[in-house]
Protein chains: 2
Amino acid sequence: MTRYQRLAELLAQRIEQGLYQPGERLPSVRLLSGEHGVSISTVQQAYHLLEEKQLITPQPRSGYFVTPRKAAPPVPPLTRPVQRPVEITQWDAVMDLLNARLDDDMLQLGSGMPNIDAVTLKPLWKIISRLGQQQDPRLFSYDNLYGVPELREQIARLMIDSGCQVTADEVVITTGCHEALSVSIRAICQPGDIIAVESPAFHGTMQTLRGFGIRAIEIPTDSVTGISLEALELAFEQWPINAVVVVPNCNNPMGFVMPLQRKQALLALAQRFDAAIIEDDVYGELAFDYPRPVTIKSMDLDGRVLLCSSFSKTLAPGLRVGWVVPGRYFDRVLHMKYISTGSTVTQTQMAVAAFIRQGHYQPHLRRMRSYYQRNLETFTRQVRHHFPCGICVTRPQGGFVIWVELPEPFDALRLNQELRASHIQIAVGSLFSASGKYRNCLRLSYAQSFTEKTERALEVLGAAVERAMICCAPVSAVHQEEGEGRVREREEN
Amino acid sequence: MTRYQRLAELLAQRIEQGLYQPGERLPSVRLLSGEHGVSISTVQQAYHLLEEKQLITPQPRSGYFVTPRKAAPPVPPLTRPVQRPVEITQWDAVMDLLNARLDDDMLQLGSGMPNIDAVTLKPLWKIISRLGQQQDPRLFSYDNLYGVPELREQIARLMIDSGCQVTADEVVITTGCHEALSVSIRAICQPGDIIAVESPAFHGTMQTLRGFGIRAIEIPTDSVTGISLEALELAFEQWPINAVVVVPNCNNPMGFVMPLQRKQALLALAQRFDAAIIEDDVYGELAFDYPRPVTIKSMDLDGRVLLCSSFSKTLAPGLRVGWVVPGRYFDRVLHMKYISTGSTVTQTQMAVAAFIRQGHYQPHLRRMRSYYQRNLETFTRQVRHHFPCGICVTRPQGGFVIWVELPEPFDALRLNQELRASHIQIAVGSLFSASGKYRNCLRLSYAQSFTEKTERALEVLGAAVERAMICCAPVSAVHQEEGEGRVREREEN
């Protein structure tokens, strides 16, 4: 980054943080030059860059002014999925998303891949290399079915931060959170059973339900407070629901952290209807607020919550180290784990255990949390800048994805095909619905460093959305008002 | 090993190979001393050791004679499982076997663990260490769902040795052969379906069937020629069987290599009844004969064979690198793979690919094949020595397990409990039956170096078997004759 780019970045941050208000005059070139000890021409170049980004506007003879800001787009309203159990489709769209990984030139805005470039992850490479040197025969041996004991202990310790008091004996290591969810679902359900899910919900979970012949009932979900307990209660009364799958902390794809009282109420509801809760906490450690939000598992007294998580989002997904704390379903989960993969890879388990034991995990987490939070600011600023009005955008409380809702007839699938020529890939909303809803939505990742390529991609994306929206029916005025007018107070968590 | 132990080992081998026949006089101490350039006392110590092992007998003033040999125990006769589909039990016994891994003091004669001490495996450690040093970001990234391309190519090349012409695109990498079998079964069966299995059959496959609510019909199986095609045909006529699971090469637990014509006939039968064949080839590369036996997959023209394998037995199980070549079921297998674990660990895949590419795999295989074959000789010699008469023992054509059949009322489960005090663990036969048959059988592994500890264990085991057999009803004379009298010609493979 050159001197003028650094200065431009600093000024952009100040504008973002409201230090310079929309319409306000910016300091003169001379003043800034003195303040920052840079040349006149450096300041001029910085101002020129900000002007290009439409953050500031020059007024002849008066200097530069902060460009009047577009209103922040509202958050998406409560979702309205189909109110009956359905069989899941959308496998083709999932395959499209997965196959995009094969194309190195593709800018993968739809991917669930975390950033793995952080310097705080370097010690993990050293550990892997040392494991090879030490020639510990455990690396080559069958792991026991439960997982490497040392890793299970480290996980039990980490879980204290989420309010959980569990012992290493209650933890079963899995091949990523994917296997944790899969064995949990299989441990408590038979084909034909019904599971309630948030709507939208993680496509991996949906496909697992599909693969086991389990029907999903999609529950309306609020982009700030999470699954609608009122709708869930109605569903419980109407259908024999075995379990609820939720991502209450840094939800995928909506980014909310479910308020504490709502978590409590959800658990009470599950108790009342004797259902299990499968709690996916894979993004929980990446909540921007510190200390991190508690899990529903932490309040679980009768072992009905199966907590699933992994190091795929916090460290690196290629390690495939996940875990499940299955409560009262321990034996059945263990059996399902056995028939799914036998034991788990020993080497990556030992590497992660050493990484935590040597004290590298918490500094890495701290770095990633603030990194993602900064990226989110830049990303949403750019989305606001490049996208047309009339959209809704989530305000994630952690993790690294945002969910964008466009007016109803918009077709994200067609958009994705259009974008292929520009080597941009998004996650289309319908992936996140059992019944193919949310074709008007998209999930975007801000995990990777924001580069000029990203900015160009958002520009292309925004223009494509704008073109498509012109063809769409006008946004219903009611919807707009609803979204913008809503007072969204975050409850205490 | 001291000088006299080496000499004793050499003489024991000569006796085993028939160079000195039972009853024949061995060379004088003086002659041997001259021949081998060792002292008189070394020869005397060697002879003393062989006497202790009851391989030779001293006769006063005449020297040492080869002890008249016990007849080699016969191979087990054709098995006679229940002739209807049953639901699988035995999970507790499987857990017992798996939990034995947790006990370092236990001599694990029941384990499916290969030997990982070979010097030819050393380059793999270096590769792992180098992967850590190189910091290739692919190690930390989500692998694509199919597996690392380079590894898939290497596997396609290796498969030529088993007669298969497949491309890398037809291979899906899995978390060990365990996941390969699991996703294959799930791709072609629904709960309630019926799958035909060899009897005895690998307990992992059985538990997978159980977990998915699939019934198993156990087909009588011959310890030399494999699954009875006649019995299988009858079963096909009587029941709607979706698939057959077989381990035709170096069968687990019986060690046979199914003759070529029988493999062809099995495929024809599957075609006639339109059933799939799940072929588990995990021990196939460890056949003692070279070139290795072909797979049924190599003759498969209409894609009905799903070939499952892994590097768990040839390299190291802790790597969890397996694969499936699913033929016409590719898409369904891929979906099942996705919901089972998402993607596979990248690092161990890349390590194995490099190990093969650098030319380390074939030398390692060659070494392990002859190592296991030598171990088998020692092991069966010792079993013959320490076990009572009236047992049947398989003659494995590869791999590293033998199957011992004891007279009917014998209870291997009780034996296993008894042995726990002596820190010896065996695999009880009932693990290998859906209906709990084969309680009178046990599977023993000869994968690990034969040490004094192993010899003591076989002594303890033999004595326990002898004690138990005294309590048993006398072995039926018919059974004995049947076993011993059978002429077992190996068909051409």
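Residues numbered from 1 in each chain as written. Chains lettered and ligands numbered in written order. Predicted model: local features only at pLDDT ≥ 70, side-chain atom pairs only at ≥ 80, totals over all residues. Heavy atoms only, no water.

Points about the environment of Phe202 of chain A
Residue and element names in this part refer to chain A.
Logical step 1: Take Phe202: it is sitting in the loop between β5 (194–199) and α8 (203–211).
Logical step 2: Relative accessible area serves as the criterion here: at 18%, Phe202 is assigned to the buried category.
Logical step 3: For the pair Phe202 and Val66, spaced 136 residues apart in sequence, the C-alpha separation works out to 39 Å.
Logical step 4: Look past the residues within four positions of Phe202 in its chain and what remains in contact with it is His178, Leu181, Asn252, Asp280 and Phe432. (Helix = DSSP H or I, 4+ residues; strand = E, 2+ residues; numbered from the N terminus. Buried < 20%, exposed > 50% of the residue type's maximum accessible area, 1.4 Å probe, protein only. Contact = heavy atoms within 4.5 Å.)

Quick notes on the relation of the copies chain A and chain B
Logical step 1: Once chain A has been moved 0.0 Å along the axis and rotated by 180°, it coincides with chain B to within an RMSD of 0.1 Å. Such a turn and shift between the copies fits a two-fold axis. Minimal C-alpha separation from the rotation axis in chain A is found for Ser129 of chain A, amounting to 1.9 Å.
Logical step 2: Take the interface residues of chain A: 100% of them recur as interface residues in chain B, which is what a same-surface contact looks like. (Least-squares fit on C-alpha atoms with pLDDT ≥ 70 in both.)

Considerations on the domain arrangement of chain A
All names here are of chain A.
Logical step 1: When cut into domains, chain A gives domain 1 (3–66), domain 2 (91–114 + 363–485) and domain 3 (120–360).
Logical step 2: The centre of domain 1, based on its C-alpha atoms, is set 29 Å off from the matching centre of domain 2.
Logical step 3: Taken together, the contact between domain 1 and domain 2 spans five residues of the former and four residues of the latter.
Logical step 4: In total, domain 1 and domain 2 occlude about 590 Å² of area from one another, counting both sides; carbon and sulfur atoms represent 41% of this.
Logical step 5: Three residues stand out in domain 1 for area buried against domain 2, namely Glu16, Lys53 and Gln54, and they jointly supply 64% of the buried area on that side.
Logical step 6: At the surface where domain 1 touches domain 2, the tally comes to zero salt bridges.
Logical step 7: Across the contact surface, domain 1 and domain 2 share zero residue pairs in polar contact (both at pLDDT 80 or more).
Logical step 8: Looking at the side of domain 1 that touches domain 2 residue by residue, the classes come out as two nonpolar, one polar and two charged. (Domains from an automatic or database assignment. Buried area = accessible area lost by both parts, 1.4 Å probe. Salt bridge = Lys/Arg side-chain N within 4 Å of Asp/Glu carboxyl O. Polar contact = N/O pair within 3.5 Å; in protein donor to acceptor, adjacent residues only side chain to side chain. Nonpolar A, V, L, I, M, F, W, Y, C, P; charged D, E, K, R; others polar.)

Brief notes about the side chain of Lys313 of chain A
Logical step 1: With respect to the secondary-structure elements, Lys313 of chain A resides in the loop between β10 (305–310) and β11 (321–325).
Logical step 2: Here Lys313 of chain A sits buried without a salt bridge, and the closest side chain of opposite charge, Asp280 of chain A, lies 8.6 Å off (N-O distance).
Logical step 3: A polar contact is formed between the side chain of Lys313 of chain A and the backbone oxygen of Gly112 of chain A, at a distance of 2.7 Å.
Logical step 4: With residues up to four places along the chain from it excluded, the contact list for Lys313 of chain A reads Gly112, Pro114, Val282, Tyr283, Leu286, Tyr372 and Phe400 of chain A together with Tyr142 of chain B. (Lys, Arg positive; Asp, Glu negative; His and termini not counted.)

Topic: the state of the cysteines
Logical step 1: According to the stated counting rule, one finds zero disulfides over all chains in the structure shown.
Logical step 2: Cys250 of chain A takes part in no disulfide bond, and the closest cysteine sulfur, belonging to Cys177 of chain A, lies 13 Å away.
Logical step 3: For Cys250 of chain A, a relative accessible area of 1% corresponds to the buried category.
Logical step 4: A disulfide-free cysteine, Cys441 of chain B has its sulfur positioned 8.7 Å from the sulfur of Cys392 of chain B, the nearest such atom.
Logical step 5: Judged by its relative accessible area of 1%, Cys441 of chain B is buried. (Disulfide = S-S within 2.5 Å.)

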